Amino acid sequence: MELEAQLLIACGDGNVDEVTTLLQNLQVNINCKDRSNDNRTPLDYACRLGHIEIVKLLLNDQRIDVNQGNRNGATPFYIACQQGHLDIVKLLLFDERVDVNKVNQDGWSPLFVACINRRFDIVKFLLNDIRIDVNKDGKYGWTPIWITCLSGRIEIVKLLLNHGGVDVNKPNKLGQTAFHVACQQGHLDVVKLLLNHERVDMSELNNDGQTAFHVACQNGHLGVVKLLLNDKTVDSKKVNYLGQTPFYIACQQGHIKVMEYLLASENEVNINENDNEGKTVIGIAKEKGNKEKGKEIWESEKEFQERIRYYEKIIELLESYGSNKNQTRTKLRIKFGLTCKFFKTIFL
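The model shown is predicted, which means the values in this text are computed figures rather than measured ones.

> Help me understand the overall build of the protein chain, please; the structure alone is not making it clear to me.
The number of helices and strands found in the protein chain is 19 helices and zero strands. For a compact globule of 348 residues, the expected C-alpha radius of gyration is about 20 Å, and the protein chain comes in at 27 Å, more than 25% above that figure. Projecting the C-alpha coordinates of the protein chain onto the three principal axes gives extents of approximately 90 × 45 × 30 Å. Counting over 348 residues, the protein chain shows a buried share of 49%. In the protein chain, the proportion of contacts linking residues at least 24 apart, taken out of those at least 6 apart, comes to 67%. Of the roughly 17300 Å² of accessible surface on the protein chain, 48% is carried by carbon and sulfur atoms. Computed over 44 positive and 45 negative side-chain charges, the inter-centroid distance for the protein chain is 7 Å.

As structure tokens, this is what we get:
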């Protein structure tokens, strides 16, 4: 074990001479694991720390297992992609023994981890290799395009979209597509990019029957809501599997700015529409703004009081709209700077 310990240290330190000497000993196990540090192998250390000369020495030894993973199942190739060592990635990619799609225990592929870590040059290089599975998903169904849209890394999103093999509509285990999560996170630039891409299906539903527009309203991303409303293919009135419209969900989550904009838009909003349980928007607002029910377990007193005040404003908005729709809409249009060029006026 002393020889193996020396090899692990030498590979980590980048000591080419010592590694060369140790590899001449046929008794040394060059695939040994560092039990004290995630079962990293000599090749793992060399790839992780960018010691390309040592990587070359190890690859030239017939005893090497190039696909041996560490405790998390990450292979040396995976590690090189994760750490951003392009020269080592190229070296390994041209070695036919390397499994370029081997995943870690979470099902993350080398391309996936390169996307997460914003390794633009490595992602670009990998996408040019026909062996790379560009739609490989993990145990949660996350693909490279999905995770990149979630994190909002637009330059990498562009790279992936330009690859003809990328399935931009492939959902995760919850039925969420890349478009869903871009809207969920409020990544306006990514949403714009996806809206203008011919392969993106904006009508896809998640496991709750929600469109991306539902999700944008649910999370209160007004910029995304405005953008989607300008797209004629977006159905702003579609109900989810619970019979809830995007407007209903915005109210449920207390997003008054989104509610105001939806009321101001040219899309008619029926505030008296029932969900599957017979609840209306005004009903849910009064329920959430009911002081007598007291605070939720997770709420502080301050949060409780803020919620009550917020829903008082929402109830006031809904009652105003219910009693005089045209007047309320006009005020909201002025507030948002909307003109009759885009919206019908009350005088038509």
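> Sorry if this is basic, but what is going on with the side chain of Asn67 here?
Looking at where Asn67 falls in the secondary structure, it is placed in the loop between α4 (52-59) and α5 (76-83). What makes Asn67 buried here is its relative accessible area of 16%. Polar side-chain contacts of Asn67 include one of 2.8 Å to the backbone nitrogen of Asp99. Residues in contact with Asn67, not counting those within four places in the same chain, are Thr75, Arg97, Val98, Asp99 and Lys102.

> Please clarify how the pattern of salt bridges should be interpreted in this entry.
Any two side chains of opposite charge can pair, given that their charged atoms come close. Inspection of every chain in the model, using the stated rule, returns 16 salt bridges. With its nearest N and O atoms 2.8 Å apart, the salt bridge here joins Arg63 to Asp61. Where Glu287 meets Lys279, a salt bridge forms, and the shortest distance between an N and an O atom there is 3.5 Å. Owing to a relative accessible area of 31%, Glu287 belongs among the partly exposed residues under this scheme. One connected set of salt bridges, linked through shared partners, spans Asp38, Arg40 and Arg71.

> What is the right way to look at the packing of helix α14 (residues 222-229) against helix α16 (residues 256-264) in this model?
A pair of packed helices is captured by two measures, namely the crossing angle of their axes and the spacing between those axes. The geometry of α14 relative to α16 is characterised by a closest axis approach of 10 Å and an angle of 20° between their N-to-C directions. It follows that α14 is roughly parallel to α16 by the angle criterion. Considering only the axes of α14 and α16, their crossing is right-handed. Taking contact as the criterion, the partners of Leu222, Val225, Lys226 and Leu229 in α14 are, on α16, Lys257, Val258, Tyr261 and Leu262. Split into classes, the residues belonging to the contact of α14 with α16 amount to six nonpolar, no polar and two charged.

> Help me understand the nonpolar core, please; the structure alone is not making it clear to me.
Soluble globular proteins tend to pack their nonpolar side chains together in the buried interior. Core analysis: the largest hydrophobic core is formed by 102 residues, its most contacted members being Leu126, Phe179, Leu228 and Leu318. Examining the composition of this core, we find that seven residues originate from one element, α16, more than from any other. Dropping the residues within four chain positions of it, Leu318 is found in contact with Phe247, Cys251, Met259, Ile271, Val281, Ile282 and Ala285.

> Help me out: how do you make sense of the packing of α4 against helix α6 (residues 86-93) in this one?
Contact geometry for α4 and α6: axes closest at 10 Å, N-to-C directions at 15°. Relative to α6, α4 is oriented roughly parallel. As α4 runs across α6, the sense of the crossing is right-handed. Together, Ile52, Val55, Lys56 and Leu59 of α4 and Asp87, Ile88, Leu91 and Leu92 of α6 make up the contact between the two elements.

The rules behind each value
Residues numbered from 1 in each chain as written. Predicted model: local features only at pLDDT ≥ 70, side-chain atom pairs only at ≥ 80, totals over all residues. Heavy atoms only, no water. Helix = DSSP H or I, 4+ residues; strand = E, 2+ residues; numbered from the N terminus. Rg over C-alpha atoms; globule rule 2.2 N^0.38 Å. Buried < 20%, exposed > 50% of the residue type's maximum accessible area, 1.4 Å probe, protein only. Contact = heavy atoms within 4.5 Å. Areas by Shrake-Rupley, 256 points an atom, 1.4 Å probe, with all protein chains shown as cover. Lys, Arg positive; Asp, Glu negative; His and termini not counted. Charge placed at Lys NZ, Arg CZ, Asp CG, Glu CD. Polar contact = N/O pair within 3.5 Å; in protein donor to acceptor, adjacent residues only side chain to side chain. Salt bridge = Lys/Arg side-chain N within 4 Å of Asp/Glu carboxyl O. Axes fitted to C-alpha atoms, helices over the stretch in contact; angles between N-to-C directions. Parallel < 35°, antiparallel > 145°, perpendicular 65-115°, else oblique. Left-handed = near helix turned anticlockwise from the far one by under 90°. Nonpolar A, V, L, I, M, F, W, Y, C, P; charged D, E, K, R; others polar. Core = buried A, V, L, I, M, F, W, Y, C linked by side-chain atoms within 4.5 Å.

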